[in-house]
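# Structure at a glance
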Amino acid sequence: MTFASRRVFGVLALSVFAIAFAPSSASAVTVTADSAEDRSCIDGKRTDAAVGTQAVTVPGVSAVMARLSGAGGNWDLAVVDESGRVVAGSAYAAGDEVAQGFAIEPGKLHVQACRRSGSDSTAELEIETFELTEPAPRLQMVRVATPDADSAERLSALGFDLTEHGGAGFVDVVLHGPVEGALLNDEGYDFEVLVPDLASQSIADRSAERQMAARGNTSTLPSGRTDTYRELADYSEEMQKLAEDNPKLVKYFTLKNETYEGRPVEAIEVGPAVDRSDGRPTFLITGVHHAREWPSAESTIEFAYELIDGYNNGNKRTMRLLKRVRVVFVPIVNPDGFNLSRSAGAALGASGGRDAPAGDELANLVIEKEYHRKNCRFLQDTNMEGGSCNQEPDNGINHFGVDPNRNYGGFWGGPGAATGEEAPFFDTAADYRGPGPFSEPETQNIRELVSKRQVVTLITNHTFSNLVLRPPGLQAAGKPRDDKLLTRLGNAMAAENGYKSQRGFQLYDTSGTTEDWSYNATSGLGFTFEIGPDAFHPSYDVVVDEYRGNTDAAEGGGGNSAAYMKALKSSAKTKRHSLIRGKAPKGFFLTLKKRFKTPTSPVLNGAGEEGEVMLLPEKLKSKLEVGKRGTFAWHVNPSTRPLVDPTVKRLEARKGKPSDPVMFSGTPLPDAVPCADFDTEDPMCWNDHGFKVKAGEGIDNGSATVKISWPEPASDWDLKVFADSDGDGSSEGEKKIVGSSAQGTTTEESTTIARPGLKPGDYVARVVNFAATSPYDGRVSFGKTQASKIETGFEKYTLACRAKKSGRVLSRQKIQIDRGERISVDLTKTCAN
Ligand SMILES: [Zn+2]
């Protein structure tokens with residue numbers, strides 16, 4: 001990317017952004033509801049005495065944002081159009097509500113504030129509407145050729161909107177308009193179109209759902225849901241109802257931080273005597289880090305229904321497991337993004353199932369929003385007080401916001417996330433990591449939740465690609481301490497849903513992901529599910545089939561329902577975590593605490609240069625109340641983090657110096673036609689240069705960097721490095737590629753191979769004539785081993801006993817406990833008042 005085009009993008013983004021700022025109309029009124037009635041607000045239009053109303057007129061397709069505040073008790077909020085469609089809804093447990101959606105016809109909107117409980121009869125209502133006039137370009141799903149790992153990683157570093165679907169030599173990517181297609185080509189990537197118009201596909205999917213619902217299908221989902229995806233307020237209402245209907249079994253709560261749009265993030269916890277502060281381990285299951293991945297929330301809440309119903313109906317296995325494990329559900333980690341995507345999808349899907357030709361006005365106005373991936377960070381960056389993500393401009397490039405699944409602290413800032421500094425996308429890059437580790441309310445929430453409990457298993461649901469991913473997401477993180485156990489559980493779950501079980505980085509490197517933090521900070525096992533074969537939110541029958549395993553891939557397995565059950569069962573196995581048992585005075589509190597620092601990656605800058613590793617202070621602290629019998633059994637994670645465990649074999653520094661560099665050069669072969677194929681089998685299209693990686697006394701070749709350069713950007717050379725198994729200096733017939741580099745218009749290519757991947761022996765650099773016209777110079781340089789700088793050592797928890805009423809610490813002791821270990825402590829004497 002040249003400087004000139006970088007500027008064009010900056011200007012384009014800014015100018016469109018400025019236009020999109022001003023609301024078409026804004027009003028603030030006090031609404032009155034004379035009585036309270038505990039009844040849904042989001043089912044349809046209401047005008048009864050328990051509702052305060054306000055009308056607002058929109059001139060055409062418009063984004064609507066309504067906020068309710070200032071009332072005690074429980075109020076809900078909805079915006080209904082003239083056809084009776086609920087355009088926006090909000091159903092949180094208290095009086096503050098945020099309802100945002102899209103009106104598709106010109107006319108009057110009925111805004112209703114519903115008083116469900118409490119003595120306040122008035123509340124403050126603010127309504128803003130924005131007419132949408134900036135059409136988005138057509139969105140497409142394309143398959144981009146990535147001949148090697150480097151080219152896939154560069155694609156993500158550039159900030160293209162990568163799906164989690166990739167295979168040998170390709171990654172599927174969402175293209176936000178033809179501008180991005182041209183950019184891909186500029187960067188030297190080829191692609192084929194998979195879905196020519198995502199808007200048409202969405203309309204067809206929603207239409208298929210209506211037809212299936214009309215046929216009266218009986219659902220096999222635990223909730224009985226048949227028709228289409230829940231909207232945000234449906235989750236709020238259902239989670240509260242589950243808790244109300246099952247007071248001893250289900251607890252509803254909200255996480256610590258509100259989002260940029262002012263929403264709480266909701267959770268439920270399931271287990272008999274759910275309020276008891278006992279020593280059961282926790283299984284945490286989450287959905288929707290990424291806004292458009294609707295099925296991830298559906299399967300999360302459906303599993304909650306399955307466990308609750310199973311328990312209530314006396315299912316023996318469910319009862320046994322829930323007595324031993326608490327399950328916490330956070331169906332929607334990123335409600336701002338989800339609501340934007342889901343409400344745009346509802347507006348588009350409500351368009352009567354008509355075709356969406358390229359010029360379809362509604363599709364063009366809302367489709368970008370339906371495919372929003374990240375959170376709504378830009379509201380803070382632009383100081384849009386009380387602003388809304390729906391004001392985001394559709395400018396034909398990626399979206400604003402931070403990728404919550406690149407913002408966790410563990411290995412944050414490494415490869416596989418965008419820094420926000422790189423052209424062409426800057427902070428609109430699809431995988432923008434955010435300004436700092438844990439900078440976002442969404443990731444802070446999960447961090448806090450995980451830090452206050454003993455989460456022995458965590459599943460974070462995403463779509464799509466039929467994958468069960470386990471740590472590490474970053475290849476450089478090395479083999480995890482618990483690799484065997486992670487692999488075993490990952491494979492067992494994959495046997496149910498039929499997905500491919502693999503390490504996160506096997507798709508492409510990612511840094512700052514959920515389980516790379518949670519696993520390395522807490523030792524709790526963590527997995528990412530990529531649900532479904534080929535779409536972010538396909539028609540709803542796919543959700544049902546994936547949940548129940550009615551897919552070809554599942555091959556008779558029980559689907560995600562059974563996979564989650566395997567994770568629950570695994571959480572109940574004491575030998576897969578650790579157990580502290582003991583005696584202590586009944587009713588006293590115990591706390592288990594640990595402080596440490598989580599290392600980030602060496603933080604990359606926009607030029608791809610490595611900076612310092614940041615060390616993030618962390619505190620894990622969980623709590624237990626000693627039971628009636630004066631005994632306790634506390635299921636906990638091992639006390640030593642995987643990263644610092646001294647029993648794990650690590651790369652150790654070596655004495656010695658790197659070998660001297662090896663120089664080479666070459667020219668296009670006389671018979672070479674323009675080869676234009678990185679994977680060509682024609683030996684006329686490449687030159688081979690053999691080199692040796694030496695080992696022995698006084699030598700430390702920790703890495704080898706092969707670099708070629710030439711003067712003319714128009715001349716295109718590429719690079720592949722092979723292990724030279726027969727040592728003949730020729731790459732012909734060699735199978736094992738250890739490094740490669742293939743960029744577009746540049747004057748150099750380089751690739752680095754490092755230990756442990758780099759073994760002593762013979763190698764050959766194949767310099768591929770892609771479209772070369774000039775000679776090149778090459779160099780193999782060697783570097784020292786980069787030993788882990790993290791100090792290793794066993795870590796301990798501090799176990800404290802606290803007095804019943806005052807909470808005063810009466811005793812403290814250090815506890816070191818390994819995976820599978822059980823230890824006993826007697827606190828009856830030390831912990832007496
Ligand atoms: Zn995702």
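## Describing the packing of aromatic side chains
Within this structure, the stated rule accounts for 15 aromatic pairs. Relative to Phe 438, the ring of Tyr 408 lies with its centre 5.8 Å away and its plane at 80°, an arrangement referred to as edge-to-face. Of the two residues, Tyr 408 sits in the loop between α10 (378–381) and α11 (441–451) while Phe 438 sits in the loop between α10 and α11, which places them 30 residues apart along the sequence. Like Phe 438, Tyr 408 is buried. Centroid distance Phe 691 to Tyr 763: 5.7 Å. Interplanar angle 15°. Geometry classified as stacked. Note that Phe 691 is positioned in strand β26 (residues 686–693) and Tyr 763 in strand β31 (residues 761–771), a separation of 72 residues in sequence. Look at Phe 691 and you get buried, because its relative accessible area is 7%.

## Some details on the pairing of strand β21 (residues 578–583)
Looking at chain direction, β21 and strand β24 (residues 631–636) are connected through six bridges and run antiparallel. When the sheet's bridge partners are listed, Ser 578 is paired in β24 with Val 636. As paired elements, β21 and strand β35 (residues 822–826) share five bridges and run parallel to each other. Across the sheet, Gly 582 pairs through a bridge with Val 825, a residue of β35.

## Observations regarding the coordination of the zinc ion
Bound to the zinc ion are the protein donor atoms His 290 (ND1), Glu 293 (OE), Glu 293 (OE) and His 462 (ND1), situated 2.0 to 2.3 Å from the metal. For the zinc ion, the four donor atoms are set out with angles of 57 to 147° between them, so the coordination reads as irregular. Counting residues between consecutive donors of the zinc ion along the chain gives the motif H-x2-E-x168-H. Taken individually, His 290 and Glu 293 each receive the classification buried, so the pair is uniform in this respect.

## Some thoughts on the packing of helix α8 (residues 335–349) against helix α9 (residues 361–370)
Where α8 meets α9, the axes come as close as 8 Å, and the angle between the chain directions of the two elements is 155°. Of the possible angle classes, the one that applies to α8 and α9 is roughly antiparallel. The handedness of the crossing between α8 and α9 comes out as left-handed. Here Leu 340, Ser 341, Ala 344, Gly 345, Ala 347 and Leu 348 of α8 come into contact with α9, specifically with Leu 362, Ala 363, Val 366, Ile 367, Lys 369 and Glu 370. Residue composition of the contact of α8 with α9, grouped by class: eight nonpolar, two polar and two charged.

## Re the state of the cysteines
On inspection of all chains with the given rule, the structure shows four disulfides. With a sulfur-sulfur separation of 2.1 Å, Cys 376 is cross-linked through a disulfide to Cys 389. Across the S-S bond linking Cys 376 and Cys 389, the dihedral sits near -105°, which makes this disulfide left-handed. One end of the pair, Cys 376, is in the loop between α9 and α10; the other, Cys 389, is in the loop between α10 and α11, with 13 residues separating them in the sequence. Residue class for Cys 376 comes out buried when judged on its relative accessible area of 0%. On the basis of relative accessibility, which here comes to 0%, the residue Cys 389 falls in the buried class. Each bonded cysteine in the protein gets a number by its place in the sequence, and the pairs come out as 1-2, 3-4, 5-6, 7-8.

## What to know about helix α3 (residues 178–186)
The complete set of buried residues in α3 reads Glu 180, Gly 181, Leu 183 and Leu 184. Buried residues of α3, viewed axially, fall in a sector of 160°; they line one side. One or two positions beyond α3, positive phi appears at Gly 188, with a value near 90°.

## Some thoughts on the confidence of the model for the protein
When the pLDDT values of the protein are averaged, the result is 90; 94% of them are 70 or greater. Across residues 1–21, where pLDDT falls below 50, the model places 28 contacts with residues more than four positions away in sequence or in other chains.

Quick notes on the rules
Residues numbered from 1 in each chain as written. Predicted model: local features only at pLDDT ≥ 70, side-chain atom pairs only at ≥ 80, totals over all residues. Heavy atoms only, no water. Phe/Tyr/Trp six-rings, centres within 6.5 Å; stacked < 30°, edge-to-face > 60°. Helix = DSSP H or I, 4+ residues; strand = E, 2+ residues; numbered from the N terminus. Buried < 20%, exposed > 50% of the residue type's maximum accessible area, 1.4 Å probe, protein only. Pairing = 2+ DSSP bridges. Donors = N, O, S within 2.8 Å, 3.2 Å for Na, K, Ca; no water. Tetrahedral: all angles 85-135°; square planar, octahedral: opposite > 155°, others 65-115°. Axes fitted to C-alpha atoms, helices over the stretch in contact; angles between N-to-C directions. Parallel < 35°, antiparallel > 145°, perpendicular 65-115°, else oblique. Left-handed = near helix turned anticlockwise from the far one by under 90°. Contact = heavy atoms within 4.5 Å. Nonpolar A, V, L, I, M, F, W, Y, C, P; charged D, E, K, R; others polar. Disulfide = S-S within 2.5 Å. Arc of directions from axis to C-beta. pLDDT = per-residue confidence, 0-100.

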